Amino acid sequence: MAFCFTGVRSFPKLWKSNPYLGLGPGHSYLSLFLKDYYGIRNQQKWISLKTVSPQNTKAVNLLIAKARYPRKGDEGSKKQVSSDSPHLFAAGAAKKRSQMNPQSKDHALSPVRDTIQLPTKPLNSEEWDKLKEDFKGKANFENWISSQMTHCHSSVDVAKSLLAWVAAKNSGVIGYDLLVKYLYLCVFHNQTSEVIDVYEIMKARYKSLESGGNTLLIRGLIHSDRWREALLLLEDIKKVMVPSKKNYHDCIQGALLHQDVNIAWDLYQELLGHGVIPMLETLKAFFDFGKDVKDDQYSNKLLDILLYLRNNQLYPGESFAHSIKTWFESVPGEQWKGQFTTVQKSGQCLGCGKTIESIHLSPEEYEFLKGKIMRDVIDGGDQYRKTTPQELKRFQDFVKHCPPFDIVIDGLNVAKMFPKARESQVLLGVVSQLAKQNLRLLVLGRKHMLRQGSRWRRDEMEKLQKQASCFFADNISEDDPFLLYAALHSGNHCKFITKDLMRDHKACLPDAKTQRLFFKWQQGHQLAIINWLPGSKITFQHILSHDTVVQTTGDSWHIPYDEDLVERYSYEVPTKWLCLHRKA
């Protein structure tokens, strides 16, 4: 959220009794085919079925095992493949992929040079007049300079001299936006007395403030002995909207700062009641405060926070993880010991040796997720907006008439993984390697893939169709829902191959529980191709065996956390863990 506004310390003389103060509080400072089922057209099969032996779960598991533990003999021939390469969903993996395979160069605009230098000390009236004369921009000088000052966090004294100059040449009138920008600087520099002065001015001049002004006042007042007035401002916000998680955080922080624990917990429960996920800083504040609280009820509430992190798949940052560790080790008589560690690919914690929860869904979880996906993603219609109902029906009939598949392949996606190679050659290479392991395969593709061209050779596609069942959809159709349907219909053993991380489909799911189960299923079933060279074996990345989520056994806690210097995307999971266990 960017603050673009205006502000002052005590200027009683500037305000006089003039009823007009420029922009009013209503102005916010915030500047958001099948011809038929087995049809043939132009002698090209849109569907082809490959008869293979019964489903080969052992072969799938062997494939995964080989990916997890590569043979020594393979290491020399694949020097460019690191055995320590992060898995598809590891924190920072997407950043590394983007650095290794840049898609486009960012043409950053050269910065526009300021026409004037921002003052570093307070200016008198003549100096401000001169600065305005030197200003060559088209914008209003007062608005421009105040915005630049807030952006650069100029000192409060410099901003105050600007307000004095504006008031002197405007008969004591200072616009609301300018006042709020000054307030922002006062809050940023922790000038509490200045915040209170602005608060008094605003109370005298306006019956109510917009949410931006209230937000700044709340943040500034919580450090003063008038912190309870921040709660009144929170009530004012509630009259027009649900306060933001930042509003609640500031008020909770103020309550804890002034030792009013009950108000802090009441505000926390109120925040959850609105269905708003708290800031991690808010949760951290409770743990920091808890170091000096020897109370079982408070301790139980902190444990509930950890379960909240688990149920919502939230990960604390590094500083928060240290706060959790410190609190556990401070609990009298419990003898908790914490350490920061990692988890092996086998799922064993390197700190305590315990096995982390499995990534695989239980039969009940799988059936629940399958039902939700079928209803909300497949049958919901929105995901098939580029697919005709007739094609969808034919695909569903096709899948129902096929035995369960071991692996479903997004053909077009896989074919484009190695841009320098011919697409049909890449796809054939993947299918051929998997077919040798007697796996039942389904390749999903588009009809244009069957046309002879420089990127798609007909002879290679014909070889592919002899080794796998194939479904070629209309060229405008979306592949992902077909892949999800086939994989889930085939059963919990079925894996799938695609680069697509399916964030859109996860977002379509109705609640946090279903989204979490989908992501868990995805992590345990999505195979990723690390490397391929023409004529060589394809290297598959290992699939995680453990679930990256806060978990406890009663006498131990394992908490995945984000490292400060690692950029993690929303579809990635941390690789670092806080291991807590009671001393024997």
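Analysis parameters
- Residues numbered from 1 in each chain as written.
- Predicted model: local features only at pLDDT ≥ 70, side-chain atom pairs only at ≥ 80, totals over all residues.
- Heavy atoms only, no water.
- Helix = DSSP H or I, 4+ residues; strand = E, 2+ residues; numbered from the N terminus.
- Buried < 20%, exposed > 50% of the residue type's maximum accessible area, 1.4 Å probe, protein only.
- Areas by Shrake-Rupley, 256 points an atom, 1.4 Å probe, with all protein chains shown as cover.
- Expected span 1.5 Å × (residues − 1).
- Arc of directions from axis to C-beta.
- Polar contact = N/O pair within 3.5 Å; in protein donor to acceptor, adjacent residues only side chain to side chain.
- Phe/Tyr/Trp six-rings, centres within 6.5 Å; stacked < 30°, edge-to-face > 60°.
- Lys NZ or Arg CZ within 6 Å of the ring centre and 35° of its normal.
- Core = buried A, V, L, I, M, F, W, Y, C linked by side-chain atoms within 4.5 Å.
- Contact = heavy atoms within 4.5 Å.
- Axes fitted to C-alpha atoms, helices over the stretch in contact; angles between N-to-C directions.
- Left-handed = near helix turned anticlockwise from the far one by under 90°.
- Nonpolar A, V, L, I, M, F, W, Y, C, P; charged D, E, K, R; others polar.
- Pairing = 2+ DSSP bridges.
- Salt bridge = Lys/Arg side-chain N within 4 Å of Asp/Glu carboxyl O.

1. A few points about the overall build of the protein
- For the protein, the count of helices and strands is 24 helices and 14 strands.
- Taking all 584 residues of the protein together, 50% fall into the buried category.
- For the protein, the exposed surface amounts to about 28800 Å²; the carbon and sulfur share of it is 51%.

2. Observations concerning helix H15 (residues 296-311)
- With 16 residues, H15 extends 22 Å from end C-alpha to end C-alpha; this agrees with the ideal 22 Å at 1.5 Å per step.
- Buried within H15 are the following residues: Tyr-298, Ser-299, Leu-302, Ile-305, Leu-306, Tyr-308 and Leu-309. The buried residues of H15 occupy one face: seen down the axis, they fall within an arc of 165°. Those residues of H15 that are exposed and angled more than 90 degrees off the buried face are Asp-296, Gln-297 and Asn-311.
- The distance from a side-chain oxygen at the start of H15 to the backbone nitrogen of Gln-297 is 3.3 Å, and the residue carrying that oxygen is Asp-295.
- Backbone geometry just after H15 places Gln-313 at a positive phi near 50°.

3. Some remarks on the packing of aromatic side chains
- Throughout the structure, instances matching the rule amount to 25 aromatic pairs.
- Aromatic pair Phe-141 and Trp-165: ring centres 5.9 Å apart, planes at 85°, arrangement edge-to-face. Here the residue Phe-141 occupies a position in helix H6 (residues 141-151), and Trp-165 occupies one in helix H7 (residues 156-168), the gap between them amounting to 24 residues. No difference in accessibility class separates Phe-141 from Trp-165, as the two residues are buried.
- Considering the side-chain rings of Phe-328 and Trp-336, the 4.9 Å spacing of their centres and the 70° angle between planes classify their relative orientation as edge-to-face.
- One cation-aromatic arrangement involves Lys-169 over Trp-165; the distance from NZ or CZ to the ring centre is 4.6 Å.
- A cation over an aromatic ring shows up here: Lys-513 above the ring of Phe-368, its NZ or CZ 4.3 Å from the ring centre.

4. Section: the nonpolar core
- Core analysis: the biggest nonpolar cluster contains 85 residues, and Trp-128, Ile-145, Met-202, Phe-286, Leu-306 and Ile-324 have the highest contact counts within it.
- Broken down by element, this core gets its largest block of residues, ten residues, from helix H8 (residues 176-188).
- Excluding residues that lie within four positions of it along the chain, Leu-306 makes contacts with Phe-287, Ile-324, Phe-328, Val-550, Trp-557 and Ile-559.
- Counting 32 residues, the second-largest nonpolar core is a separate cluster that includes Val-414, Leu-428, Ala-468 and Ile-529.

5. Some details on H6
- Taken together, the buried positions of H6 are Phe-141, Glu-142, Trp-144, Ile-145, Ser-146, Met-149 and Thr-150.
- Contacts made by the buried residues of H6 are with helix H5 (125-134), H7 and H8.
- Here H6 starts with a cap whose side-chain oxygen sits 3.0 Å from the backbone nitrogen of Glu-142, and that cap is Asn-140.
- Downstream of H6 by one or two residues, His-153 has phi in the positive range, about 55°.

6. Digging into the packing of H15 against helix H16 (residues 318-330)
- At a minimum axis separation of 12 Å, H15 and H16 run at an interaxial angle of 145°. Every pair of crossing elements has a handedness; the one defined by H15 and H16 is left-handed. When H15 is examined against H16, the residues Ser-299, Leu-302, Leu-303, Leu-306 and Leu-309 are found in contact with a partner set consisting of Phe-320, Ile-324, Trp-327 and Phe-328.
- Split into classes, the residues belonging to the contact of H15 with H16 amount to eight nonpolar, one polar and no charged.

7. Topic: the sheet that holds strand S14 (residues 576-582)
- Strand order in the open sheet made by the four strands is S4-S14-S13-S12, with antiparallel pairing throughout. The sheet is open, and its two edges are formed by strand S4 (336-341) and strand S12 (551-552), each paired on a single side.
- Strand direction decides the pairing type here: strand S13 (residues 556-561) and S14, joined by six bridges, are antiparallel. Note on S14: the bridge partner recorded for His-558 is Cys-579.
- Together, S4, S13 and S14 form the strand contacts of H16, whose direction differs from that of S4 by roughly 160°.

8. A few points about the pattern of salt bridges
- What the rule picks out here adds up to 31 salt bridges.
- Where Lys-325 meets Glu-329, a salt bridge forms, and the shortest distance between an N and an O atom there is 3.1 Å. Residue Lys-325 and its partner Glu-329 are both found in helix H16; the two are separated by four residues, about one turn of the helix.
- A residue is classified by how much of its surface remains accessible, and Lys-325, at 18% relative accessible area, is buried.
- Of the charged contacts, one joins Asp-547 and Arg-516 as a salt bridge, the two residues approaching to 2.6 Å between their closest N and O atoms. You can see Asp-547 sitting in the loop between strand S11 (539-540) and S12 and its partner Arg-516 sitting in helix H24 (residues 512-525), a full 31 residues away along the chain. We note that Asp-547, like Arg-516, is buried.

9. Brief notes about the side chain of Thr-150
- Assignment of secondary structure puts Thr-150 in helix H6.
- Judged by relative accessible area, which is 4%, Thr-150 ranks as buried.

10. Observations concerning the environment of Ile-409
- Tracing the backbone through its elements, the reader meets Ile-409 in strand S5 (residues 407-410).
- For Ile-409, a relative accessible area of 0% gives the class buried.
- A sequence separation of 78 residues divides Ile-409 from Ala-487, and the C-alpha atoms of the two residues are 9.5 Å apart.

Worth remembering: the numbers are spatial, not functional.
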